[in-house]
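# Descriptive structure summary
Now for the letters of each chain:
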Protein chains: 2
Amino acid sequence: MTHHVQIKVMPLKDLLDPQGKAVMGGLDNLGIKEVQDIRIGKHITMEIDAGSKEVAKQIAETTATKLLANPVMEYFEIEVIG
Amino acid sequence: MTHHVQIKVMPLKDLLDPQGKAVMGGLDNLGIKEVQDIRIGKHITMEIDAGSKEVAKQIAETTATKLLANPVMEYFEIEVIG
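Residues numbered from 1 in each chain as written. Chains lettered and ligands numbered in written order. Predicted model: local features only at pLDDT ≥ 70, side-chain atom pairs only at ≥ 80, totals over all residues. Heavy atoms only, no water.

The next point concerns the packing of helix 1 (residues 18-29) of chain A against helix 2 (residues 53-68) of chain B. For the pair helix 1 of chain A and helix 2 of chain B, the least separation of the axes is 11 Å and the interaxial angle reads 105°. On the basis of the axis angle, helix 1 of chain A is roughly perpendicular to helix 2 of chain B. For the pair helix 1 of chain A and helix 2 of chain B, contact is made by Val23, Gly26 and Leu27 of chain A and by Thr63, Leu67 and Leu68 of chain B, respectively. Partitioned by chemical class, the residues of the contact of helix 1 of chain A with helix 2 of chain B number four nonpolar, two polar and no charged. (Axes fitted to C-alpha atoms, helices over the stretch in contact; angles between N-to-C directions. Helix = DSSP H or I, 4+ residues; strand = E, 2+ residues; numbered from the N terminus. Parallel < 35°, antiparallel > 145°, perpendicular 65-115°, else oblique. Contact = heavy atoms within 4.5 Å. Nonpolar A, V, L, I, M, F, W, Y, C, P; charged D, E, K, R; others polar.)

Here it is as structure tokens:
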């Protein structure tokens, strides 16, 4: 059975986010002052053929740990949609 | 009032996703065969000081259109969390 999984990989909360800062600079140039903070990470969608949601989640967790997220700078959250 | 907004920027569905393909190759090296498809985009969180959710959404839309998404290759979805 195919399971649809979403993974969110974001910079750790207390770390500086250079991408976010760059966009803040762009907003300043556009004269947009209402944005107080912006943080940019990765959004990943996966289709996993597995016997159960739990197995699909484990495969997503292995993928995130080994290939998608750098634990020194990022955290990730996994959601099994269906 | 501060509004929390999430933006998802993903590659257009019928476009090749090189990042996704690279991770598929990594999964293959790890001997993980259950993943049928993987697509990688951006997950953005914003804090916007605005008078209403609608105004916050408009500011997020302008930010996405001008600074975050390339309409030739990407689409975006905006969600005002609170």
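Turning next to the interface of chain A and chain B. How large an interface is tends to be reported as the accessible area lost when its parts come together. Each side of the interface is counted separately: chain A has 31 residues, and chain B has 31 residues. The contact between chain A and chain B buries some 2,600 Å² in all, and 65% of this surface belongs to carbon and sulfur atoms. At the boundary of chain A and chain B, one finds zero salt bridges. Remark: the boundary between chain A and chain B carries twelve residue pairs in polar contact (both at pLDDT 80 or more). Those elements that place two or more of their residues in the side of chain A that touches chain B are strand 1 (2-11), helix 1, strand 2 (35-49) and helix 2 (53-68) of chain A. Ranked by residues supplied to the side of chain A that touches chain B, first place goes to strand 2 of chain A with 15 residues. Among the residues making up the side of chain A that touches chain B, the classes are represented as 14 nonpolar, nine polar and eight charged. (Buried area = accessible area lost by both parts, 1.4 Å probe. Salt bridge = Lys/Arg side-chain N within 4 Å of Asp/Glu carboxyl O. Polar contact = N/O pair within 3.5 Å; in protein donor to acceptor, adjacent residues only side chain to side chain.)

Before going further, it helps to spend a moment on the sheet that holds strand 1 (residues 2-11) of chain B. In any sheet, the strands associate via hydrogen bonds between backbone groups, in a parallel or an antiparallel arrangement. The sheet built from six strands is open, its strands ordered 3(A)-1(A)-2(A)-2(B)-1(B)-3(B) with antiparallel pairing. Each edge of the open sheet is held by one strand with a lone partner, namely strand 3 (74-80) of chain A together with strand 3 (74-80) of chain B. Going from strand to strand, the sheet's axes swing by 25° on average, the running direction of each strand aside. Relative to strand 2 (residues 35-49) of chain B, strand 1 of chain B runs antiparallel, the two sharing eight bridges. Note on strand 2 of chain B: the bridge partner recorded for Lys8 of chain B is His43 of chain B. (Pairing = 2+ DSSP bridges.)

In short, shape yes, function no, at least from these values alone.
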